[in-house]
Amino acid sequence: MTDSTSAAGNEVVLITGAGRGIGAATALLAARRGHRVCVNYRADEAAATAVVEAIRAAGGTALAVRADVTRSAEVERLFATVDAELGPLTALVNNAGTLEKQSRLEEIDEDRLNRIWASNITSAFLCAAQAVRRMSTRHGGAGGTIVNVSSAASRLGSPNEYVDYAAAKGAVDSMTRGLALEVAAEGIRVNAVRPGLIHTDIHALGGEPGRVDRVAPDLPMRRGGQPEEVAEAILFLISPASSYMTGGFLDVAGGR
Ligand code: NAP
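Residues numbered from 1 in each chain as written. Predicted model: local features only at pLDDT ≥ 70, side-chain atom pairs only at ≥ 80, totals over all residues. Heavy atoms only, no water.

### Brief notes about the site of the ligand
For the ligand, the set of nearby residues contains 30 residues, the closest of which are Arg20, Ala43, Asn95, Tyr165 and Thr200. Within the backbone of Ala67, one N or O atom sits 3.5 Å away from a nitrogen atom of the ligand. In isolation the ligand offers 910 Å² of accessible surface; the protein chains occlude 97% of this area. Of all the secondary-structure elements, those providing two or more residues to the shell around the ligand are helix H1 (21–32), helix H6 (163–183) and helix H7 (202–205). Of the residues contributing to the shell around the ligand, the split by class is 11 nonpolar, 13 polar and six charged. (Near = heavy atom within 4 Å. Polar contact = N/O pair within 3.5 Å; in protein donor to acceptor, adjacent residues only side chain to side chain. Areas by Shrake-Rupley, 256 points an atom, 1.4 Å probe, with all protein chains shown as cover. Helix = DSSP H or I, 4+ residues; strand = E, 2+ residues; numbered from the N terminus. Nonpolar A, V, L, I, M, F, W, Y, C, P; charged D, E, K, R; others polar.)

### Thoughts on the environment of Arg20
Assignment of secondary structure puts Arg20 in the loop between strand E1 (12–15) and H1. On a C-alpha basis, the gap between Arg20 and Val39 in space is 9.8 Å, while along the polypeptide they are 19 residues apart.

### What about the packing of aromatic side chains?
Applying the stated criterion across every chain yields a total of one aromatic pair. Ring centres of Tyr162 and Tyr165 lie 5.7 Å apart, and the angle between their planes is 75°; this geometry places the pair in the edge-to-face category. A relative accessible area of 2% means that Tyr162 is categorised as buried. (Phe/Tyr/Trp six-rings, centres within 6.5 Å; stacked < 30°, edge-to-face > 60°. Buried < 20%, exposed > 50% of the residue type's maximum accessible area, 1.4 Å probe, protein only.)

### Comments concerning the sheet that holds strand E6 (residues 188–195)
Pairing is parallel across the open sheet formed by seven strands, whose spatial order is E3-E2-E1-E4-E5-E6-E7. The sheet is open, and its two edges are formed by strand E3 (62–66) and strand E7 (249–252), each paired on a single side. Pairwise comparison of adjacent strand axes, ignoring direction, gives a mean angle of 15° for this sheet. Sitting on the sheet, helix H3 (residues 72–85) touches E1, strand E2 (36–41), E3 and strand E4 (91–94), and the angle it makes with E3 is about 155°. (Pairing = 2+ DSSP bridges. Axes fitted to C-alpha atoms, helices over the stretch in contact; angles between N-to-C directions. Contact = heavy atoms within 4.5 Å.)

### Structural notes on the confidence of the model for the chain
Averaged over all residues, the pLDDT of the chain equals 96, while 96% of them reach at least 70. Residue range residues 1–6 is modelled with pLDDT below 50. Its contacts to residues more than four positions away, or to other chains, number eight contacts. (pLDDT = per-residue confidence, 0-100.)

### Regarding the packing of H3 against helix H4 (residues 110–135)
Relative to each other, H3 and H4 sit at 40°, their axes nearing to 10 Å. With respect to their mutual orientation, H3 and H4 come out oblique. Here H3 runs over H4; the crossing is right-handed. Residues Ser72, Val75, Glu76, Phe79, Ala80 and Asp83 of H3 form the contact with H4, whose own contacting residues are Leu126, Cys127, Gln130, Ala131 and Arg134. (Parallel < 35°, antiparallel > 145°, perpendicular 65-115°, else oblique. Left-handed = near helix turned anticlockwise from the far one by under 90°.)

### Some points on the pattern of salt bridges
Counted according to the given criterion, the structure contains 16 salt bridges. Among the salt bridges present, the one from Asp251 reaches Arg194, with a minimum N-O distance of 2.7 Å. You can see Asp251 sitting in strand E7 and its partner Arg194 sitting in strand E6, a full 57 residues away along the chain. The partly exposed category is assigned to Asp251, whose relative accessible area is 41%. Within this structure, Arg155, Asp173, Arg194 and Asp251 form a network of salt bridges that share partners. (Salt bridge = Lys/Arg side-chain N within 4 Å of Asp/Glu carboxyl O.)

If you want it as structure tokens, here you go:
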């Protein structure tokens, strides 16, 4: 297959937090499109290994690398491993992110704020910095793409649930615009997807595993989304099919 969404054979994609959920779906689809894939994970080695094994069983190339992407030393090691094992990076998907128990703003303490900023904002900044050092023509690179996984929460604010998480995704949106303009003339495109309510395990972190099903009747399409539907948008943004798109946002939120 050689259409504009397929890899030419030398693409290397690093997806943070790819052991499950949207990251895992993106890793599997990227491999199917011919990309070599790094499946980053923080703790769940079995889940990340299962994603890599599924890719290899289908004839693809993948590597699982443990790294907490909120830590700069671990991010440096993660990118160095990709350099050595898969070759020059062509695409980064900043997917890792977390939320915490549904709360009102006045119940959120300093430690939680710092965890939420780190997992959703610091991670994206640290990984983007490593990607730019490798991809930017200013640094001798051949260009590339960065996709940030933001959230519809950045537009909606998530009242009574997690205003901290929504605000962190607002920061990701601002970084998407700012970095896109900073590197637009250096061969790097930076865009974001903003998923709505997607069926993954993240909702259990908020204390309500069945959140998507509870809210589904009130959603415009009367259903939540699947991780694979978000992965399609991410793959579009890292493909040449989106070659004139940078600093942009794809809402994958069923009209929400
Ligand atoms: P998920 O099922 O909870 O998966 C998150 C993954 O990220 C896990 O595999 C986790 O790995 C990894 N991770 C978390 N912190 C990490 C860190 N510091 N370093 C490395 N890996 C880390 O979440 P998801 O629903 O797929 O969400 C993926 C992204 O989409 C997140 O940015 C989320 O905010 C965003 N999003 C999700 C929804 C939704 O409804 N699901 C909606 C909008 C946006 P371990 O298990 O190994 O810790």
